[in-house]
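Working through the structure, step by step
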Amino acid sequence: WSAISTWDPSPPDHEQHTSPGPPTPEGLTAQTTKGDRFQKGDHVSWASHSGRAYGTVKDEITERVKVRGHPVDASLEHPQYRIRDDDSGRELAHRPEALRREQE
C-alpha cells in the first residue's frame, strides 16, 4: 500500500469543459448584446425571482426619471427601457443588457 500520490494542478476534467448555460431552443429568443436598441412595441423578457418575466417596451428612457416611485438613472449614453409587464400590467424599467427580444 502506498500513500504517495502526485499532485496535479490542473482542474478535474469536468471543470475544464463547462458550457455557458443551458441551450436556448432555436428561434425562441435572441440574446441581446451591449448597444442593442429596442423599439416601442417590442416583446421582451428578463430574469425575475420567479423565472422569466415578459412584457412590452413602452418607450426608451434617456434621462433621470422615476418609474413607480423608483429612480431610474438613465442617460443618452446609457438608456433604459420602460416596460409594461404582461402579467401584472405594471410599468418597470430595465437596462438593455437585462432584456431579451422575444418572437412575436
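What this report covers is the structure whose coordinates are included nearby.

Brief notes about the pairing of strand β2 (residues 43-48)
As defined by bridge partners, β2 adjoins strand β3 (residues 51-61) across 6 bridges and the pair is classed as antiparallel. Within β3, the residue paired with S45 across the bridge is Y54. Linking two consecutive strands that pair antiparallel, namely β2 and β3, is a turn of 2 residues. In the sheet, β2 pairs with strand β8 (residues 100-102) via 2 bridges, with the strands oriented antiparallel. Bridging from a neighbouring strand, S45 pairs with R100 of β8.

Structural notes on the pattern of salt bridges
According to the stated counting rule, one finds 5 salt bridges in the structure shown. Among the salt bridges present, the one from R64 reaches D73, with a minimum N-O distance of 3.4 Å. Linking R82 and E91 is a salt bridge whose minimum nitrogen-to-oxygen distance equals 3.8 Å. Here the residues in one salt-bridge network are D59, R82 and E91, joined through shared partners.

About the criteria used
- Residues numbered from 1 in each chain as written.
- Predicted model: local features only at pLDDT ≥ 70, side-chain atom pairs only at ≥ 80, totals over all residues.
- Heavy atoms only, no water.
- Pairing = 2+ DSSP bridges.
- Helix = DSSP H or I, 4+ residues; strand = E, 2+ residues; numbered from the N terminus.
- Salt bridge = Lys/Arg side-chain N within 4 Å of Asp/Glu carboxyl O.

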